[in-house]
Amino acid sequence: AIDRVLPRHSPVLLCGHSYGAIVALEVAHRLAQGGRRIGFLGVIDTPLRAETRTWMARLQDICRNLPGWLRYDALESDWSSLAARARGKSRDWWRDGLAALGYGSPSAHPDLRAYYGKSTLPPEVVAHTYARLDALRQHVCRPFDGTVVLFRARAQALAGRSDRALGWAGLARHVEVYDIPGHHDSCARPPHVAHLANALSRTLVAHGADQPQ
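A brief structural summary. Quick caveat, the model's predicted, so the values are computed rather than measured.

### Observations concerning the nonpolar core
At step 1: If you look at the biggest cluster of nonpolar residues, it comprises 21 residues, and the most contacted ones within it are Leu41, Val148, Leu150, Trp168 and Val175.
At step 2: At the level of elements, β1 (12-17), α2 (19-33), β2 (38-44), β3 (144-153) and β4 (172-180) are the ones that each hand at least two residues to this core.
At step 3: At six residues, the largest contribution of residues to this core is made by α2.
At step 4: If near-sequence neighbours (up to four positions away) are discounted, valine 148 is found in contact with Leu41, Val43, Trp168, Ala172, His174, Val175 and Glu176.
At step 5: By size, the runner-up hydrophobic cluster in this structure holds 10 residues, among which are Ile44, Phe151, Leu196 and Ala199.

### Examining the sheet that holds β1
At step 1: Read across the open sheet, the four strands follow the order β1-β2-β3-β4; overall the sheet is parallel. Only two strands of the sheet have a single neighbouring strand rather than two, namely β1 and β4. Adjacent strand axes in the sheet meet at a mean angle of 20 degrees, parallel and antiparallel pairs treated alike.
At step 2: In terms of strand pairing, β2 meets β3 through three bridges, oriented parallel. From the neighbouring strand, glycine 42 faces β3, where its bridge partner is valine 149.
At step 3: Across the sheet, α2 is in contact with β1, β2 and β3; its angle to β1 comes to roughly 155 degrees.

### Brief notes about the layout of surface pockets
At step 1: Of the pockets and cavities examined, the second largest pocket occupies roughly 210 Å³.
At step 2: Forming the boundary of the second largest pocket are 15 residues, of which Ile38, Phe144, Asp145, Gly146 and Thr147 lie nearest the centre.

### What to know about the pairing of β2
At step 1: Burial of β2 is extensive: five of the seven residues sit out of reach of the surface.
At step 2: Here β1 pairs with β2 via six bridges, running parallel. Bridging from a neighbouring strand, cysteine 15 pairs with glycine 42 of β2.
At step 3: Note on the crossover from β1 through α2 to β2: the handedness is right-handed.

### A few points about the pattern of salt bridges
At step 1: All chains considered together, the criterion is met by 13 salt bridges.
At step 2: Two residues, arginine 85 and aspartate 73, come together in a salt bridge whose shortest N-O distance is 2.7 Å. With arginine 85 in helix α4 (residues 79-100) and aspartate 73 in helix α3 (residues 55-74), this residue pair connects regions lying 12 residues apart in the sequence. Both residues of the pair, arginine 85 and aspartate 73, belong to the buried class.
At step 3: We note a salt bridge from aspartate 145 to arginine 173, for which the minimum N-O separation is 2.9 Å. Separated by 28 residues along the polypeptide, aspartate 145 in strand β3 and arginine 173 in strand β4 bring together distant segments of the chain. The same class applies to aspartate 145 and to arginine 173, which are both exposed.
At step 4: Several salt bridges converge on common partners, so that one network encompasses Asp3, Arg8 and Arg36.

Rules used throughout
Residues numbered from 1 in each chain as written. Predicted model: local features only at pLDDT ≥ 70, side-chain atom pairs only at ≥ 80, totals over all residues. Heavy atoms only, no water. Core = buried A, V, L, I, M, F, W, Y, C linked by side-chain atoms within 4.5 Å. Buried < 20%, exposed > 50% of the residue type's maximum accessible area, 1.4 Å probe, protein only. Helix = DSSP H or I, 4+ residues; strand = E, 2+ residues; numbered from the N terminus. Contact = heavy atoms within 4.5 Å. Pairing = 2+ DSSP bridges. Axes fitted to C-alpha atoms, helices over the stretch in contact; angles between N-to-C directions. 1 Å grid on protein atoms, 1.4 Å probe; cavity = no way out; pocket = protein on both sides within 12 Å on 5 of 7 lines; lining within 4 Å. Points joined across faces, edges and corners; volume = space filled by probe spheres on them. Right-handed = clockwise from strand over helix to strand, strands pointing away. Salt bridge = Lys/Arg side-chain N within 4 Å of Asp/Glu carboxyl O.

Structural measurements only, silent on function.
If you want it as structure tokens, here you go:
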């Protein structure tokens, strides 16, 4: 589709949020293999899968993530959403803990209350989310011989990875990181999306990707 609408001499500008960032990375690889030039690759708050972490490493991540999580997640969320997410996380931790002790097996899919902060979800949302999670679990990201521009939400998942580049430093030749107010979802919604738009515009100018080709 890109080849049909964009002249071959024009560089391709790609950007994706969350799951879409992994899609953008794979598209960049396939286009580059076909001889296209990638002029820009941006990823919006997409942590790469962390290797197995010790409990001490997890505790350190929680301590580093706590201030941003409190400011831009807990304080900006309603209590019903926080309660639903807490119930979902607790159920996941309970099942995984029992599995680690030899009682049952780890859950194939996480409790989606922890993702969406809602007690009930439409079946199509559940099916779509599980399909994306399965795709991410099976996909292996390939190293990118270029610059990745990461727009990082100030609030990361409390028990998520806390490294500055969210794992991209081990995948890309160079990573630029820009902090955006909000959490994984709210950074792309008003009012925080204005900060994201400004940061994206500035980086496109800095990379010369705002000029017509």
